[in-house]
Amino acid sequence: MVMTPSIRRPGAGQKDYRPLVMTAALHTLWPIWVRTVGAMQRRNILVRSQCRRCGALMRVDPVDFVARHGAGWSLIDAQEKCRMVACDGAVFYLASRTYGAPWRVLLGDEALKKTLAEGPAPVTAEALVRPAVAQ
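Keep in mind it's a predicted model, so treat the numbers as computed, not measured.

J.: Which parts of the structure should I look at to understand the pattern of salt bridges?
T.: Any two side chains of opposite charge can pair, given that their charged atoms come close. Under the definition given, this model contains 3 salt bridges. In this structure, the salt-bridge partner of Glu80 is Arg68, at a minimum N-O distance of 3.5 Å. You can see Glu80 sitting in strand β5 (residues 80–81) and its partner Arg68 sitting in helix α3 (residues 62–69), a full 12 residues away along the chain. Taking the shortest distance from any N to any O, the salt bridge between Glu110 and Lys113 comes out at 3.6 Å. Of this pair, Glu110 and Lys113 both sit in helix α4 (residues 110–114), 3 residues apart, which is roughly one turn of the helix.

Okay, structure coming up:
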C-alpha cells in the first residue's frame, strides 16, 4: 500500500498545518464497464479467462460471478484456479466491449503483469482440435 502524506488545513485554534496520511492506495483508473461484474453483466461485456500455466483461453459469463460473489465484485487482479483438466495453474481475466474490439487485460498490479511475458501463448479449442483432426 502506498502511503502519501498530504497537508490538512488548520482548524479552529490550530496554528500550523499537520500532515495527514492517506490510507488508500492510488489505483489505475479503470473504465466503468470493467470495474464490477454487475457492470459487465448490464453492458453484455465479453469476458475470457486465460491460464498462466497451460494458456487455456475460455469464455466466462459475468452472470456466474454475480451469482457467486455479488454485483460489486471485480475481476481486476482476480485470480482463480484453471478449469482445464490436469492443470494446477491460475487464470487472469480479459474483457472486450464487443466482438472485434480489442481485449483488455484486467491486471493492474505491475508484479502480476510482469509474469504474463513468461507465460504460454493462448490456447483455444481450435488449436486443441486441429491436431486430432489431422490424424
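J.: Just to check I follow, could you spell out the environment of Ala56 for this structure?
T.: On the secondary structure map, Ala56 appears in the loop between β3 (46–51) and β4 (57–60). On the basis of relative accessibility, which here comes to 3%, the residue Ala56 falls in the buried class. A C-alpha to C-alpha distance of 8.6 Å links Ala56 and Ala121, two positions 65 residues apart in sequence. With residues up to four places along the chain from it excluded, the contact list for Ala56 reads Ser49, Gln50, Cys51, Met84 and Val123.

Parameters at a glance
- Residues numbered from 1 in each chain as written.
- Predicted model: local features only at pLDDT ≥ 70, side-chain atom pairs only at ≥ 80, totals over all residues.
- Heavy atoms only, no water.
- Salt bridge = Lys/Arg side-chain N within 4 Å of Asp/Glu carboxyl O.
- Helix = DSSP H or I, 4+ residues; strand = E, 2+ residues; numbered from the N terminus.
- Buried < 20%, exposed > 50% of the residue type's maximum accessible area, 1.4 Å probe, protein only.
- Contact = heavy atoms within 4.5 Å.

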